[in-house]
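Results of the structural survey
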Amino acid sequence: MVYRGPYKVRVEEKDIPRIEHPNDAIVRVTKAAICGSDLHLYHGLMTDLRIGHTFGHEFIGIVHEVGSSVQNLKVGDRVMVPFNIYCGSCFFCARGLWSNCHNVNANATAVGGIYGYSHTTGGFDGGQADYVRVPFADVGPAIIPDWLDEEDALLMTDALSTGYFGAQLGDIVEGDTVVVLGAGPVGLYAAKSAWLMGAGRVIVVDHLDYRLEKAATFAHAETINFAEVDDLIVLLKKETDGLGADVVIEAVGAEADGNLLQHITGSKLKLQGGSPIALNWAIDGVRKGGTVSILGAYGPIFSAIKFGDAVNKGLTLRMNQAPVKRQWPRLLEHIKAGYLKPSDIVTHRIPLEHIAEGYHMFSSKLDGCIKTIVLPSAA
Amino acid sequence: MAYISEKTHPNPSAAELRARIPGWGADLDPVNRPSFPRERRDLDSGAHWDYPEEQPRDPSREKSIEHLQLTPVYGTAQPLKGFSGAIRRFAYERFSEARAAHWLLLILGDRVDAIEEHLRSFATLRPDNPITQTGVLSEFRRHPIKSRFGSKRADVKHMWLDPILVAGPWVLAGYVVYRVFRGKKG
């Protein structure tokens, strides 16, 4: 698929990518997914997003070709590829900050490399395609265990790992009340993960009833439809003895709804680095001394965030892109133990040829769409 | 309700939650949390180099001026070109990521790129088609009414903006072309 301008994508023929570095691999994609953060690209919110760019940072596939220095993979291996592109050896990678690599993104120092996520994250085409270039093949990809379902493997490449990471950022202690803003895939996984960390109560907030139903069944969470309440923060305070939640996990990002002015200035007119509604609800809804975990993706320009209240409440704000591969060993244990079944949230599977439909359906929240898997023609 | 030193309504007990939620508390001990502590020096990333080999240098490759060098690996997906490329190159060469001008110029570059590429597509056998490329033709297969109405959805309030944002520039461009041709005939 290629981007043709805001709200427009289509399938085009491109050359198969070539090895450009001795540690590159070329992977034939067998499954990809559309991520909520792909919608920020689709809507033209990310900067330096060039016409012709191929999206897709959630994908698995089969190794088609390897560069001369690749040691850990061989042609024919079935691999899952974390959305982070990273060298494994720079100052940040050496400290486990694998989502913050300094050696892969020439275009910006503030963000590492991400597949198919504009030139602001390095200018690498993504995996909603038949083939993709995978830099540092000895570092990022891992062979998919034989026992692991392919869709579960696919969801580990971002959404599940990010949700699980977000629950960790909340520093949850036993019995905490955790509010998750957003019942998309990442929010659902964060809510489910909060229980693993020992939460005493998990409340998920969204405005889409069908997603809240999934939060109740998949993540065992209490739910609130913010569009049906007069003031979400007042309700959250009432639900928490007037204190606020111990932890709020923000799993919404740049296109948050709930305040028309903020949505239009931040999301439609691009006058902010995204709509800060969910961030501000997180600051308002958490208790004094509490922790806000931020998973939502935002653009690089300024947003109107209520920082004064965050200071006055003594909050801890924690955030990062998930260092995906760090999560995998423990997540595999949880999947094997039956605590997590990531593919339970998949609602649609479409051929790559129908990519425009897939994006429109996801963007407009049609047909009960939560998670869409894309099947390339070469799969 | 009086504010006291403990929560007035405590959450369910660990035993109750463990019985109800599969895996409850499996990661209660931070030691079991893979991102704790945030920075660790004992992880094996798989890298077998102190500094990776460098991808062949492309002197025309743009980079942030906050970087001391072109990164050893870089993306080559869509090299800079055209007027949009000149705008983007100016943004990269003149302004750091800390400057609003850097990002605002990149946003301008994106819009100019879209115009350039739409025009270029009209000289090909596959011109841009905003109807098929937006996927709107799939609406009727995807329960457009039931999905949008019957429950409270916050985004319904501003959905009317989307067609204007998508189709507006095309309608405006068509009107400009129409006026130019009419002007020439007159």
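Placed above this text is the structure.
What comes next concerns the included structure. (Residues numbered from 1 in each chain as written. Chains lettered and ligands numbered in written order. Predicted model: local features only at pLDDT ≥ 70, side-chain atom pairs only at ≥ 80, totals over all residues. Heavy atoms only, no water.)

Let's shift gears to the environment of A:Pro135. Looking at where A:Pro135 falls in the secondary structure, it is placed in the loop between strand 8 (131-134) and strand 9 (142-143). Judged by relative accessible area, which is 2%, A:Pro135 ranks as buried. On a C-alpha basis, the gap between A:Pro135 and A:Gly67 in space is 9.5 Å, while along the polypeptide they are 68 residues apart. Here A:Pro135 is in contact with A:Asn23, A:Asp24, A:Ile85, A:Tyr115, A:Phe124 and B:Val73, once residues within four sequence places are set aside. (Helix = DSSP H or I, 4+ residues; strand = E, 2+ residues; numbered from the N terminus. Buried < 20%, exposed > 50% of the residue type's maximum accessible area, 1.4 Å probe, protein only. Contact = heavy atoms within 4.5 Å.)

Further remarks concern the sheet that holds strand 14 (residues 286-294) of chain A. Residue and element names in this part refer to chain A. Taken in spatial order, the six strands make up an open sheet running 12-11-10-13-14-15, and their pairing is parallel. Each end of this open sheet is capped by a strand with a single partner; those strands are strand 12 (222-225) and strand 15 (316-319). Adjacent strand axes in the sheet meet at a mean angle of 20° when their direction is disregarded. As judged from the four bridges shared by strand 11 (residues 201-206) and strand 12, these two strands associate in the parallel manner. Counted as the bridge partner of Asp206 is Asn225 from strand 12. (Pairing = 2+ DSSP bridges. Axes fitted to C-alpha atoms, helices over the stretch in contact; angles between N-to-C directions.)

With that settled, consider the packing of aromatic side chains. Residues and elements named next belong to chain A. One pass over the structure, following the stated rule, counts 11 aromatic pairs over all chains. An angle of 80° between the planes, with centres 5.2 Å apart, marks the rings of Phe91 and Phe92 as edge-to-face. Using a relative accessible area of 26% as the deciding quantity, one classes Phe92 as partly exposed. Of the aromatic side chains, those joined through ring pairs into one cluster are Tyr3, Tyr7, Tyr42, Phe55 and Tyr359. The residue whose ring lies beneath Arg95 is Phe91, and the NZ or CZ to ring-centre distance is 3.7 Å. (Phe/Tyr/Trp six-rings, centres within 6.5 Å; stacked < 30°, edge-to-face > 60°. Lys NZ or Arg CZ within 6 Å of the ring centre and 35° of its normal.)

The partner chain B presents 103 residues to the 110 residues of chain A that form the contact. Here chain A and chain B share an interface that buries about 8800 Å² over both sides, 52% of which is from carbon and sulfur atoms. Across the contact surface, chain A and chain B share nine salt bridges. At the junction of chain A and chain B, the tally comes to 76 residue pairs in polar contact (both at pLDDT 80 or more). Going through the elements one at a time, strand 2 (9-10), helix 3 (159-169), helix 4 (185-196), helix 7 (260-268), helix 10 (324-337), strand 16 (348-351) and helix 11 (355-363) of chain A are the ones with two or more residues in the side of chain A that touches chain B. Among the residues making up the side of chain A that touches chain B, the classes are represented as 43 nonpolar, 38 polar and 29 charged. (Buried area = accessible area lost by both parts, 1.4 Å probe. Salt bridge = Lys/Arg side-chain N within 4 Å of Asp/Glu carboxyl O. Polar contact = N/O pair within 3.5 Å; in protein donor to acceptor, adjacent residues only side chain to side chain. Nonpolar A, V, L, I, M, F, W, Y, C, P; charged D, E, K, R; others polar.)

Turning our eyes to something else, we now look at the pattern of salt bridges. Considering all chains together, one arrives at 38 salt bridges over all chains under this definition. A:Lys371 serves as the salt-bridge partner of A:Glu58, at 2.7 Å between the closest nitrogen and oxygen. One end of the pair, A:Glu58, is in the loop between helix 1 (38-42) and strand 4 (59-66); the other, A:Lys371, is in the loop between helix 11 and strand 17 (372-375), with 313 residues separating them in the sequence. Judged by its relative accessible area of 0%, A:Glu58 is buried. Note that B:Arg153 and B:Asp155 form a salt bridge whose closest N and O atoms lie 2.7 Å from each other.

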